[in-house]
Amino acid sequence: RQEELEYTARTLQEISRAAIEMGKVTTGALIVLQREVALGEYERTGIPIDAKVSSQLLINIFEHNTPLHDGAVIISRGRITAAACILPLAEAKGQNFGTRHRAALGIARESDALVIVVSEERGEISVAFKGEFMRALDATRLRQVLDEIL
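As the structure is a computational prediction, the values presented were derived from the model and not from experiment.

Draft legend 1. Here's a closer look at the packing of aromatic side chains. This model, assessed by the stated rule, comprises one aromatic pair. Judged by centre distance (5.0 Å) and plane angle (55°), the rings of Phe97 and Phe133 are tilted. Taken together, the residues span a long stretch of sequence, with Phe97 in the loop between strand 4 (79-85) and helix 5 (99-110) and Phe133 in strand 7 (residues 132-134) at a distance of 36 residues. Judged by its relative accessible area of 14%, Phe97 falls in the buried class. Residue Phe133 is classed as buried on the basis of its relative accessible area, which comes to 19%.

Take a look at the structure:
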């Protein structure tokens, strides 16, 4: 059903708040927002969660040295469905991307998902969509991108 695929303003606000906060303290994150293409095969590589989206929960999941911080969080139908998920790595010729960015590109090339990446090195926020990157997004631009695509 179409309304299940839509992301509410509150959900997008919580996701962008988490990304901005993690960027400020250079906590790396990889958040996959499922759209039409089901991501069940990737959800199954992680730990099932099934929780309402909140910035606090997302920040907690990606906290260093916690069991779920490695890998991706998948959000589907407005809920966090799984954490510590393994994604396909894209080849990034000529780019000095780390594993997190290559994974974001990989899933963005294999599906119609929108992927938010927070760099652990620089705290920079990027969005991968349709195999392309939008880099160095501030809070306003991140919300614009989320609103436009979702």
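Draft legend 2. Highlighting unusual backbone geometry. The backbone of Asp50 sits at a positive phi, close to 55°, despite the residue not being glycine. Along the chain, Asp50 falls in strand 2 (residues 47-52). The backbone of Ala84 shows a phi angle near 60°, a positive value even though the residue is not glycine. Locating Ala84 in the fold gives a position in strand 4. Owing to a relative accessible area of 19%, Ala84 belongs among the buried residues under this scheme.

Draft legend 3. How the structure looks around the sheet that holds strand 4. The seven strands lie next to each other as 2-4-3-1-5-6-7, forming an open sheet whose pairing is mixed. Edge positions in the sheet fall to strand 2 and strand 7, since each has one partner strand and no second. Taken pair by pair, the neighbouring strands of this sheet meet at an average axis angle of 25°, ignoring direction. Examined bridge by bridge, strand 2 and strand 4 share four bridges and lie antiparallel to one another. Note on strand 4: the bridge partner recorded for Lys52 is Arg79. Where helix 2 (residues 9-24) meets the sheet, it contacts strand 1 (29-33), strand 2, strand 3 (72-76), strand 5 (114-118) and strand 6 (125-129), and its direction lies at approximately 25° from that of strand 5. Along the sheet face, helix 5 touches strand 1, strand 5, strand 6 and strand 7 and points at about 175° away from the line of strand 5.

Rules and cut-offs
- Residues numbered from 1 in each chain as written.
- Predicted model: local features only at pLDDT ≥ 70, side-chain atom pairs only at ≥ 80, totals over all residues.
- Heavy atoms only, no water.
- Phe/Tyr/Trp six-rings, centres within 6.5 Å; stacked < 30°, edge-to-face > 60°.
- Helix = DSSP H or I, 4+ residues; strand = E, 2+ residues; numbered from the N terminus.
- Buried < 20%, exposed > 50% of the residue type's maximum accessible area, 1.4 Å probe, protein only.
- Pairing = 2+ DSSP bridges.
- Axes fitted to C-alpha atoms, helices over the stretch in contact; angles between N-to-C directions.
- Contact = heavy atoms within 4.5 Å.

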